[in-house]
Amino acid sequence: MRAVLPGISIARRTVLVVAGACGLAGLVIEHGTYPGAAALAIARGLTAAAVALFAAELVLAWREAPTFRRFLRSRWPHAALLLLLVLEGGAILVGRRSLAPDSGLGRLLAEDLTRVYLVLLQVYILGVFAVELPHVHRRFAGARLRPALSFVLMFALLILVGTALLLLPRATPPGAPIGLLDALFTSTSAVCVTGLVVRDTGTGFTVFGQAVILLLIQLGGLGIMSLTATLSLLLGRGIGVRESSLMREVFQLSMVAEVGRTVRGLVLVTLAVEAAGAALLYAGLAGVVADPAQRAWTAVFHAVSAFCNAGFSTFGDSLAGMADRPLVVQTVAVLLILGGLGYGVLVQTWAWLRGRALRQPPGPGNRLGLQARVVLGVSGLLLAAGTAVILAVDGGGALAGQPWWLRLSQAFFQSATCRTAGFNTLDLTALAPATLLVMMVLMFIGGAPGSTAGGMKVTTVAIAWANMRAIARGQGRVRLVHRELDPLLVQRAMLVMSAGVVVTAVGVFVLLLSEGAPLFETAFETVSALGTVGLSLGLTPHLTEVGRLVVIVLMFIGRLGPLTLASSLTGPGREPRVRLPRGRLQVG
């Protein structure tokens, strides 16, 4: 079978790959370093070459298309970006600096929108480069990798690329370069949407460095395969068989035909929710950040970080300084809760609410499935229980002296942020040990499968509880929400729980040896890293090199999941052909 997809020739793919390489080199030199006149000229020459090659491939695609209308339908993103660039060039030729008005948007976005269009086009070309590169080499394109191994390799590659970008001179302030291990730690924390930092994000990184972190958060939160599939759809070549099988593994879809629709919906919902959150945060930050452009960047950064459950903040104290601003705090809380529910649950919940509002009869299109009911039920229970415990234990302690509404707001936010978000509105070291223990339990559980959250997942906990209930009652079948669960599903859930406990114990043991910190602080840090939460009692910035490597591994395992990593190493399981005699052991 040919590895190259029909409709796109090797020549056109090669042109796109070369254009992407030129665009990448131009972006790195011009925006990632402090280039001199000669280097800047080279960078802009590479940019011009990338745009020219991109336009040439577009012309070739136009000539190969049956009709111009069909060409526009399949390649509209290319045509739209090039049209903007041509219009900007025409505006310059007639004496205007830009098509943008002299005030408002022009000043807000950039001094010269022509450069903005070029950067936008270069970024898009890089996306095309990432999509097309694996298909140029037939042997690589035809390689059959297990889905679990593909996920591991993609996340590892993204972490390495992020590390290289953070090592660029412009990623950090002049005179304050970042070391290799710290760059690797930050990149891993961003890709694994954890939020643990060894360097303050607001002051330790420039806008370019923050933009790299934000891109890594978005890629890690949504999933690399989701964005790759989206770019494939935008390129007009559709999603290949290998990509479809990987996406089916991610979203647990029953049909390949559902992949394209699911990916489109995922990206649109994500962008819509993040845009709405950024607008609310922009309004809530009035009076905190004076400059409109800086306030817009801060709002976008925190909206993406919250929805992806990353926990990165450009404020040195996270959101502690915003505790008395309900619009900011509760917007972040809603974003991280929505991100922790997952796309499938959000869509089903919206359809159910819409059906109830319109008084439609229950049907397949507006009914909550088992997954949605379990996720919503367990998530709501954990949120309420966490809020109640924090209010009861620390209402007269860390929260004492505050108005009742502020105590309730802070308790709810801390309960929500334990679900792998990593923001905080108060000093965690001031909380009672009992509160911190409950927070560790919430961090270990995490959010929903298929979401941006980490942890062992709420469905895993629900299955484990149902299994223990069945065993206690002497029942051989596990039931949950009026459904009988597959025994293999129960085994997988118990394996994930057991693996999580084992990895946590090993992580605590190694960190105790390398750091010498108190047991409670070490355990809190370990659970936070494995659950990709990002909350810390102050141990992270003081970790030794060994400790940072251990936390990097914990974050990586927590994001992908112990079961995924095990599957990538062992491959598909096979039932043994020979059955052995049954044995008996005493239990309990």
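Source: prediction; values computed, not measured.

Any chance you could explain the overall build of the protein chain here in plain terms?
A tally of helices and strands in the protein chain yields 25 helices and two strands. Among the 588 residues that make up the protein chain, the fraction classed as buried is 49%. Taking the intrachain contacts of the protein chain between residues at least 6 apart in sequence as the baseline, contacts between residues at least 24 apart amount to 70%. Approximately 28900 Å² of the protein chain is accessible, and the part contributed by carbon and sulfur atoms is 67%.

It is not clear to me how the packing of helix α11 (residues 207-222) against helix α15 (residues 292-307) should be interpreted in this structure. Could you clarify?
A pair of packed helices can be characterised by two numbers: the angle between their axes and the separation between those axes. The N-to-C vectors of α11 and α15 enclose an angle of 25 degrees; their axes lie 10 Å apart at closest approach. In this view, α11 runs roughly parallel relative to α15, as classed from their interaxial angle. Where α11 crosses over α15, the handedness of that crossing is left-handed. Taken together, the residues of α15 that come into contact with α11 (itself represented by V207, Q210, A211, I213, L214, I217 and Q218) are W297, V300, F301, V304 and S305. Residues belonging to the contact of α11 with α15 are distributed by class as follows: nine nonpolar, three polar and no charged.

Is there a simple way to explain the packing of helix α22 (residues 487-515) against helix α23 (residues 519-530) in this structure?
At a minimum axis distance of 9 Å, the contact between α22 and α23 shows a crossing angle of 130 degrees. Between α22 and α23, the angle is such that the two are oblique. The handedness of the crossing between α22 and α23 comes out as right-handed. Residues G500, V503, T504, G507, V508, L511 and L512 of α22 pack against L519, T522, A523, T526, V527 and L530 of α23. A per-class count over the contact of α22 with α23 returns eight nonpolar, five polar and no charged.

I would appreciate a short explanation of a nonpolar patch on the surface in the present structure.
Taken together, the side chains of W62, F68 and L72 make up a nonpolar region of the molecular surface, amounting to roughly 300 Å² of accessible area. Examined against the element boundaries, L72 turns out to sit in helix α3 (residues 68-74).

Whenever I open this one, the pattern of salt bridges confuses me. Can you help?
Close approach of charged atoms lets side chains of opposite charge pair. According to the stated counting rule, one finds three salt bridges in the structure shown. The closest approach of N and O atoms between D182 and R548, which form a salt bridge, is 2.2 Å. Taken together, the positions of D182 in helix α9 (residues 180-191) and R548 in helix α24 (residues 545-560) put the pair 366 residues apart, joining distant regions of the chain. Using a relative accessible area of 12% as the deciding quantity, one classes R548 as buried.

Explanation requested: the nonpolar core in the structure shown.
Within soluble globular proteins, side chains that are nonpolar generally end up buried alongside one another. Core analysis: the largest hydrophobic core is formed by 87 residues, its most contacted members being I217 and F524. In terms of residue count, α24 provides more of this core than any other element does, eight residues in total. Not counting residues within four places of it along the chain, the set of residues in contact with I217 comprises A190, V193, V304, S305, C308, A310 and F312. Judged by nonpolar contacts, the second largest core, of 22 residues, contains A278, A303, L319 and F413.

I'm lost on helix α19 (residues 404-417) in this one. Help?
Counting along an α-helix, one turn takes 3.6 residues, and residues three or four places apart therefore face a common direction. In this model, α19 (14 residues) spans 20 Å end to end at C-alpha, consistent with the 20 Å of a helix rising 1.5 Å per residue. For α19, the set of buried residues is L406, S409, Q410, A411, F413, Q414, S415, A416 and T417. Next to the buried residues of α19 lie α16 (326-341), α18 (370-394) and α20 (433-445).

Whenever I open this one, the side chain of S318 confuses me. Can you help?
Structurally, the position occupied by S318 is in the loop between α15 and α16. For S318, the side chain forms a polar contact with the main-chain nitrogen of N424, separated by 3.2 Å. Leaving out residues up to four positions away in the same chain, S318 has contacts with S313, F423 and N424.

Can you walk me through the confidence of the model for the protein chain in this structure?
The predicted structure's coordinates, where accompanied by low pLDDT, should not be read in detail. In this model, the protein chain carries an average pLDDT of 79, and 75% of its residues clear a pLDDT of 70 or more. Within the protein chain, the element-level pLDDT minimum falls on helix α5 (residues 105-109), averaging 40, and the maximum on α9, averaging 94. A low-confidence stretch, residues 1-7 (pLDDT under 50), is modelled with 14 contacts involving residues beyond four sequence positions or located in other chains. Segment residues 228-257: pLDDT under 50, and 70 contacts once partners within four positions in sequence are set aside and those in other chains are kept.

How should I be thinking about the environment of L376 in this particular structure?
Here L376 is to be found in helix α18. Residue classification places L376 among the partly exposed positions, given a relative accessible area of 28%. Taking C-alpha positions, L376 is 9.3 Å from V458, a pair spaced 82 residues apart along the chain. Look past the residues within four positions of L376 in its chain and what remains in contact with it is L341, V345, T349 and L368.

Explain the side chain of S187 here, please?
With respect to the helices and strands, S187 occurs in helix α9. For S187, a relative accessible area of 0% gives the class buried. A polar contact is formed between the side chain of S187 and the backbone oxygen of I159, at a distance of 2.8 Å.

So what exactly am I meant to see when it comes to helix α2 (residues 37-64) here?
A rise of 1.5 Å per residue sets the reference length of α2, with its 28 residues, at 40 Å; its end C-alpha atoms lie 41 Å apart and thus fit the reference within 8%. Within the sequence span of α2, burial applies to A43, T47, A50, V51, F54, E57, L58 and A61.

Teacher, can you tell me more about the environment of Q410 here?
As for its placement among the helices and strands, Q410 is situated in helix α19. In this structure Q410 comes out as buried when scored by relative accessible area, which is 4%. Along the chain, Q410 and L391 lie 19 residues apart, while their C-alpha atoms are 9.0 Å from each other. In contact with Q410, not counting residues within four places along its chain, are A323, L399, Q402, T425 and L426.

Each value, and the rule that gives it
- Residues numbered from 1 in each chain as written.
- Predicted model: local features only at pLDDT ≥ 70, side-chain atom pairs only at ≥ 80, totals over all residues.
- Heavy atoms only, no water.
- Helix = DSSP H or I, 4+ residues; strand = E, 2+ residues; numbered from the N terminus.
- Buried < 20%, exposed > 50% of the residue type's maximum accessible area, 1.4 Å probe, protein only.
- Contact = heavy atoms within 4.5 Å.
- Areas by Shrake-Rupley, 256 points an atom, 1.4 Å probe, with all protein chains shown as cover.
- Axes fitted to C-alpha atoms, helices over the stretch in contact; angles between N-to-C directions.
- Parallel < 35°, antiparallel > 145°, perpendicular 65-115°, else oblique.
- Left-handed = near helix turned anticlockwise from the far one by under 90°.
- Nonpolar A, V, L, I, M, F, W, Y, C, P; charged D, E, K, R; others polar.
- Patch = residues over 30% accessible without salt bridge, like charges linked within 9 Å, V, L, I, M, F, W, Y side chains within 5 Å.
- Salt bridge = Lys/Arg side-chain N within 4 Å of Asp/Glu carboxyl O.
- Core = buried A, V, L, I, M, F, W, Y, C linked by side-chain atoms within 4.5 Å.
- Expected span 1.5 Å × (residues − 1).
- Polar contact = N/O pair within 3.5 Å; in protein donor to acceptor, adjacent residues only side chain to side chain.
- pLDDT = per-residue confidence, 0-100.

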